[in-house]
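The primary structure of each chain is shown beneath.
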Amino acid sequence: TQGDRLLSAPWHGMVSADYSFLPFANGANAYVHIDDEYASGYQLGNPADAVFDPVTAHVRSTAVATARAGVKFNGWDVSLFAKNLFDSHSVLSTGHSVATSELIVQQTFPPRTIGVTATYAF
């Protein structure tokens with residue numbers, strides 16, 4: 001017999017890439033890092049159940065990427081980063097604001113965020 005499935009995407013995947021190089025005469029080390037994460041869609045609940053809600057039952061697939069590029073020199077690490085690089089608006093969850101309401105609420109990733117970090121190791 002087949003048991004109940006977990007309420008989770010059946011397929012998850014993540015790809016990462018790192019590249020380092022020495023482009024500067026002073027020996028500073030430059031680098032680039034990128035991640036891309038994917039989760040497949042899946043169904044919540046059983047359509048035969050009395051409380052099954054077809055509006056909220058399907059969880060869609062999601063994908064989100066992050067990237068960082070920086071330079072390391074003399075103990076410093078200065079980098080430019082981007083979270084949600086491609087500004088994905090994948091729906092992470094769908095639900096009702098209140099169980100008895102017809103109002104639908106959806107959640108998504110935070111919008112693209114770009115910033116700079118600087119750290120010093122001593």
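If you're wondering where the values come from, they're calculated on a predicted model, not measured in any experiment.

About the cut-offs
- Residues numbered from 1 in each chain as written.
- Predicted model: local features only at pLDDT ≥ 70, side-chain atom pairs only at ≥ 80, totals over all residues.
- Heavy atoms only, no water.
- Helix = DSSP H or I, 4+ residues; strand = E, 2+ residues; numbered from the N terminus.
- Rg over C-alpha atoms; globule rule 2.2 N^0.38 Å.
- Buried < 20%, exposed > 50% of the residue type's maximum accessible area, 1.4 Å probe, protein only.
- Contact = heavy atoms within 4.5 Å.
- Areas by Shrake-Rupley, 256 points an atom, 1.4 Å probe, with all protein chains shown as cover.
- Lys, Arg positive; Asp, Glu negative; His and termini not counted.
- Charge placed at Lys NZ, Arg CZ, Asp CG, Glu CD.
- Pairing = 2+ DSSP bridges.
- Axes fitted to C-alpha atoms, helices over the stretch in contact; angles between N-to-C directions.
- pLDDT = per-residue confidence, 0-100.
- Phe/Tyr/Trp six-rings, centres within 6.5 Å; stacked < 30°, edge-to-face > 60°.

Looking only at helices and strands, the protein chain has zero helices and nine strands in total. The C-alpha atoms of the protein chain give a radius of gyration of 21 Å, which is well past the 14 Å a tight globule of 122 residues would have. Taken along its principal axes, the extent of the C-alpha atoms in the protein chain is 70 × 35 × 25 Å. Per-residue burial over the protein chain gives 20% buried out of 122 residues. Pairs at least 24 apart in sequence give 52% of the contacts found in the protein chain among residues at least 6 apart. With an accessible surface of roughly 9,100 Å², the protein chain has 60% of that area assigned to carbon and sulfur atoms. Taken as two groups, the 6 positive and 10 negative side-chain charges of the protein chain have centres that lie 9 Å from each other.

What follows concerns the sheet that holds strand β2 (residues 29–39). Read from one edge to the other, the open sheet built from five strands follows the order β1-β2-β5-β6-β9, with strand pairing classed as antiparallel. Looking at the sheet topology across the chains shown, the edges are occupied by β1 (12–21) and β9 (113–120). With strand direction ignored, the average angle separating the axes of adjacent strands in the sheet is 15°. In this structure, β1 lies alongside β2, joined through ten bridges in antiparallel fashion. Paired with Tyr 19 across the bridge in β2 is Val 32.

Before going further, it helps to examine the confidence of the model for the protein chain. Residue-level pLDDT values for the protein chain average 90, and 97% of them are 70 or greater. Per-element mean pLDDT across the protein chain ranges from 87 in strand β3 (residues 42–43) up to 98 in β9.

Below, the discussion takes up the packing of aromatic side chains. Scanning all chains against the criterion turns up three aromatic pairs. With a centroid separation of 5.0 Å and an interplanar angle of 50°, the aromatic rings of Trp 76 and Tyr 120 are classed as tilted. On the criterion of sequence distance, the pair formed by Trp 76 in strand β6 (residues 76–83) and Tyr 120 in strand β9 is long-range, its members being 44 residues apart. Residue Trp 76 is classed as partly exposed on the basis of its relative accessible area of 39%. The exposure class assigned to Tyr 120 is partly exposed, which follows from its relative accessible area of 43%. Aromatic side chains Tyr 120 and Phe 122 sit 6.0 Å apart centroid to centroid with 20° between the ring planes, which places their arrangement in the stacked category. Overall, Phe 122 belongs to the exposed group, its relative accessible area being 90%. Joined through ring pairs, the aromatic side chains of Trp 76, Tyr 120 and Phe 122 make up one cluster.

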